[in-house]
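A closer look at the structure
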Amino acid sequence: MATTTATETINRPNTKEVNGTGPDTINKGAPLTHTTTNITLSPELFEKLYLAPKVPHSASVNRYANATPLGFLGFVISTFTFSMVLMGWGGANGLPAVAGIFFFTGPVLLLLSTIFLWIQAQFFPMMVCGLFCVFWLSFGLLQLPTLGLAEAYSSPKEMNAVIALYLIVWGFALGTFWLFTIRINAVFAGIFFFVTLGSWVLAGAYFRVSTGDFKEAQRLQKAGGALLFIVAILGWYMIFVMMAAEMRWTISLPVGDLSHFWKSTDVEIAAMENEKKD
């Protein structure tokens, strides 16, 4: 359980008694004391608000709004669009028409969120937003024919093989992040699990293009798009949960809290915090 303790000091007012109903009469001269109020938040609500492992944060974190939903919004809108184009919904084909998701919708919101989370000392969300920010920017460059990237290769086969290797590396990076999300909640872990698989499936599609097997490449592309669509659904759900918590809605949707599997870590952190206070 994440517990916040607030201590309030009440000073005895220096007022005169009027008609025998002044503060001195009401309290009958009893001295006022310090009052300690304990407010207990469940681990699940704590994770909903901050979407980060339970680690000590800077004292300035409470001065600012939670920046995590801002980055998530850019990521989810971009991923939704990207996944539907990959699956060919409505006859969609090609990404140049939605190049804005690679340079503005995703990266701008993710970059702002990364900066704000860095200021707030929110390490893991900052790393997540920064990771996806550079992904959209780097992958977006591949969708700009004006750069003439293909001209550096003797054949399309070589370029597609390079992109496939690039996506494989991204899959390993995302898989590494997934290992750390399993101590937060199931929805967040699910996002990284499916985006890791999606990255590797799309890598397979590019490999098939490089070998000329376009039919299999199309199937893998649609499969990768379906996996990213699941990622977008989970991300949208997480945005709704975080915004509902921030806006103090009475509903409380489950996110599959996993923090209770890491009690030993929480105890160690609590001990470290107590040593600092002493």
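Residues numbered from 1 in each chain as written. Predicted model: local features only at pLDDT ≥ 70, side-chain atom pairs only at ≥ 80, totals over all residues. Heavy atoms only, no water.

Time to look at unusual backbone geometry. Among all residues except glycine, the phi angle is most often negative; among peptide bonds, the trans geometry is most common. Located in the positive-phi region is alanine 121, a residue other than glycine, with phi close to 60 degrees. Within the fold, alanine 121 resides in the loop between helix H4 (100-119) and helix H5 (123-141). Residue arginine 248 is not a glycine yet carries a positive backbone phi of 60 degrees. Mapped onto the elements of the fold, arginine 248 is located in the loop between helix H8 (214-246) and helix H9 (263-277). (Helix = DSSP H or I, 4+ residues; strand = E, 2+ residues; numbered from the N terminus.)

Within the largest apolar cluster, 45 residues are counted, with the highest numbers of intra-cluster contacts made by Phe75, Phe82, Phe132, Phe188 and Phe192. It is H5 that provides the largest number of residues to this core, a total of 10 residues. Leaving out residues up to four positions away in the same chain, phenylalanine 192 has contacts with Val128, Leu131, Phe132, Leu174, Phe177, Trp178 and Thr181. (Core = buried A, V, L, I, M, F, W, Y, C linked by side-chain atoms within 4.5 Å. Buried < 20%, exposed > 50% of the residue type's maximum accessible area, 1.4 Å probe, protein only. Contact = heavy atoms within 4.5 Å.)

To continue, consider the side chain of asparagine 66. When you line up the elements, asparagine 66 lands in the loop between helix H2 (43-50) and helix H3 (68-87). Within the local environment of asparagine 66, its side chain forms a polar contact with the backbone nitrogen of threonine 68, the two atoms lying 3.2 Å apart. At 3.1 Å, the side chain of asparagine 66 and the side chain of glutamate 246 are in polar contact. (Polar contact = N/O pair within 3.5 Å; in protein donor to acceptor, adjacent residues only side chain to side chain.)

Take tryptophan 262: it is sitting in the loop between H8 and H9. Accessibility expressed as a relative area gives 30% for tryptophan 262, which makes it partly exposed. Remark: the alpha-carbon pair of tryptophan 262 and arginine 183, spanning 79 residues in sequence, is separated by 6.7 Å. When near neighbours in sequence (up to four residues on either side) are disregarded, tryptophan 262 contacts Ile182 and Arg183.

What follows is about the packing of aromatic side chains. Taken as a whole and assessed by the stated rule, the structure comprises 23 aromatic pairs. For the pair phenylalanine 102 and tryptophan 136, a centre-to-centre distance of 5.6 Å together with 50 degrees between the ring planes defines the contact as tilted. Separated by 34 residues along the polypeptide, phenylalanine 102 in helix H4 and tryptophan 136 in helix H5 bring together distant segments of the chain. Exposure class is identical for phenylalanine 102 and tryptophan 136. Each is buried. With centroids separated by 6.1 Å and ring planes inclined at 45 degrees, the aromatic side chains of phenylalanine 102 and phenylalanine 139 adopt a geometry described as tilted. (Phe/Tyr/Trp six-rings, centres within 6.5 Å; stacked < 30°, edge-to-face > 60°.)

A full pass over the atoms with the stated rule returns 1 cavity of 30 Å³ or more. Contributing to the lining of the largest cavity are 13 residues, with Phe135, Leu174, Val195, Ser199 and Leu228 lying nearest its centre. Only H3, H5, helix H6 (156-181) and helix H7 (186-210) provide two or more residues apiece to the lining of the largest cavity. Broken down by class, the residue content of the lining of the largest cavity amounts to 11 nonpolar, 2 polar and no charged. (1 Å grid on protein atoms, 1.4 Å probe; cavity = no way out; pocket = protein on both sides within 12 Å on 5 of 7 lines; lining within 4 Å. Points joined across faces, edges and corners; volume = space filled by probe spheres on them. Nonpolar A, V, L, I, M, F, W, Y, C, P; charged D, E, K, R; others polar.)

In low-pLDDT segments, the atomic positions of the prediction should not be examined closely. Here the chain averages 80 in pLDDT, and 72% of its residues register 70 or above. Mean pLDDT across the secondary structure elements of the chain bottoms out at strand E1 (residues 2-8), with 40, and peaks at H7, with 96. Segment residues 54-59 is flagged for pLDDT under 50; beyond a separation of four residues in sequence, or across chains, it makes 16 contacts in the model. (pLDDT = per-residue confidence, 0-100.)

Here the focus is the UniProt feature "transmembrane region" (unreviewed entry) in the chain. The UniProt record marks residues 70-91, 97-119, 126-147, 159-180, 187-207 and 227-245 with the feature "transmembrane region" (unreviewed entry), using the residue numbering of this structure. End C-alpha atoms of residues 126-147 are separated by 30 Å, and the span's content is 73% helix alongside 0% strand. Across residues 187-207, the secondary structure splits into 100% helix and 0% strand, with the terminal C-alpha atoms separated by 30 Å. (UniProt positions renumbered as here; feature names shortened; annotations may be inferred.)

The next point concerns the layout of surface pockets. In this structure, the second largest pocket spans a volume of roughly 710 Å³. Lining the second largest pocket are 33 residues, and of these Gly94, Leu95, Gln143, Tyr206 and Gln221 lie nearest its centre. When contributions to the lining of the second largest pocket are tallied by element, the ones reaching two or more residues are H3, H5, H6, H7 and H8. A total of 5 residues in the lining of the second largest pocket trace back to one element, the largest contributor, which is H8. Here the lining of the second largest pocket is composed, by residue class, of 23 nonpolar, 9 polar and 1 charged.

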